[in-house]
Amino acid sequence: MLLFTTVDTSAPAPARHSVPQIPRSAETIDRALLDQPASWACFPSAWHLAAWRAEAGEHLAPCVDCQPDYQKRMVRLHRCRHPDVIFIKEDGELVGRLPTPAGFSRYGRKSDIDPAASAFTVAVACRVLGVDGVVLLVGISAASLPHYRNGNRTLPPAKFLALQAAVRAAARFITSRS
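Residues numbered from 1 in each chain as written. Predicted model: local features only at pLDDT ≥ 70, side-chain atom pairs only at ≥ 80, totals over all residues. Heavy atoms only, no water.

1. Here's the deal with the overall build of the protein
Then comes step 1: Across its full length, the protein carries 5 helices and 3 strands.
Then comes step 2: Reading the protein from its N end, one meets helices and strands in the order α-α-β-β-β-α-α-α.
Then comes step 3: Here the protein holds 178 residues, and 30% of them are scored as buried.
Then comes step 4: Counting only contacts in the protein whose residues sit at least 6 apart along the sequence, the fraction spanning at least 24 positions is 41%.
Then comes step 5: With an accessible surface of roughly 12200 Å², the protein has 58% of that area assigned to carbon and sulfur atoms. (Helix = DSSP H or I, 4+ residues; strand = E, 2+ residues; numbered from the N terminus. Buried < 20%, exposed > 50% of the residue type's maximum accessible area, 1.4 Å probe, protein only. Contact = heavy atoms within 4.5 Å. Areas by Shrake-Rupley, 256 points an atom, 1.4 Å probe, with all protein chains shown as cover.)

This is how it looks when you write it as structure tokens:
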């Protein structure tokens, strides 16, 4: 017995998970990078890494978007940079995090402090507390301060929290006087 049915074509078909969707921002990336290896060996080419960076940002570690099965495959092929990544559920989604002394990070091994937040806090602190005040408060050298201010270095979590608290206290003091 044959059954005939009609197929509802009014709704678009969902994207298949096996077919990666290329983001619009990746259309401007030089296709010559397809022939170059990526600095993260888990990416098939430098173009794929550049496309991922265009969407995710410069500071996130690609391990954030990795999956356990893919990680196992990359470890087996000796292409995984961070086989120690831990996968945790965040807001119902499985996310990769790098273990750090301060907990799990999405930015790298050293801290879970957003480099942009670190740079902003250092820049504001230098204006409010002065360079000497920041150097004394956080215990970093004045010569390395520009690297923290422009985001090339990220403050360790304890120093970031101390500097952030000092900036907030100074802001409360300044606004209470007016």
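2. Quick notes on the pairing of strand S2 (residues 93-100)
Then comes step 1: Looking at chain direction, strand S1 (residues 86-90) and S2 are connected through 5 bridges and run antiparallel. Bridge assignment links Lys89 to a residue of S2, and that residue is Leu94.
Then comes step 2: Hairpin connection of S1 to S2: 2 residues between the antiparallel strands, including Asp91 at a positive phi of 50 degrees. (Pairing = 2+ DSSP bridges.)

3. Concerning the environment of Phe120
Then comes step 1: Considering the arrangement of structural elements, one finds Phe120 in helix H3 (residues 115-138).
Then comes step 2: For the pair formed by Phe120 and Tyr148, sequence separation is 28 residues and the distance between their alpha carbons is 9.1 Å.

4. Describing the packing of H3 against helix H5 (residues 157-177)
Then comes step 1: Contact geometry of H3 with H5 gives a least axis separation of 9 Å together with a crossing angle of 85 degrees. Relative to H5, H3 is oriented roughly perpendicular. On H5, the residues touching Ala117, Ser118, Thr121, Val122, Val124, Ala125, Val128, Leu129, Val134, Leu137 and Val138 of H3 are Lys159, Phe160, Ala162, Leu163, Gln164, Ala166, Val167, Ala170 and Ile174.
Then comes step 2: Class assignment for the residues of the contact of H3 with H5 results in 16 nonpolar, 3 polar and 1 charged. (Axes fitted to C-alpha atoms, helices over the stretch in contact; angles between N-to-C directions. Parallel < 35°, antiparallel > 145°, perpendicular 65-115°, else oblique. Nonpolar A, V, L, I, M, F, W, Y, C, P; charged D, E, K, R; others polar.)

5. Overview of a nonpolar patch on the surface
Then comes step 1: Side chains of Val128, Leu129, Leu137, Phe173 and Ile174 sit close together on the surface and give an oily, nonpolar patch of about 440 Å² of accessible area.
Then comes step 2: At the level of secondary structure, the elements contributing two or more residues to the nonpolar patch comprise H3 and H5.
Then comes step 3: Looking at which element gives the most residues to the nonpolar patch, the answer is H3, with 3 residues. (Patch = residues over 30% accessible without salt bridge, like charges linked within 9 Å, V, L, I, M, F, W, Y side chains within 5 Å. Salt bridge = Lys/Arg side-chain N within 4 Å of Asp/Glu carboxyl O.)

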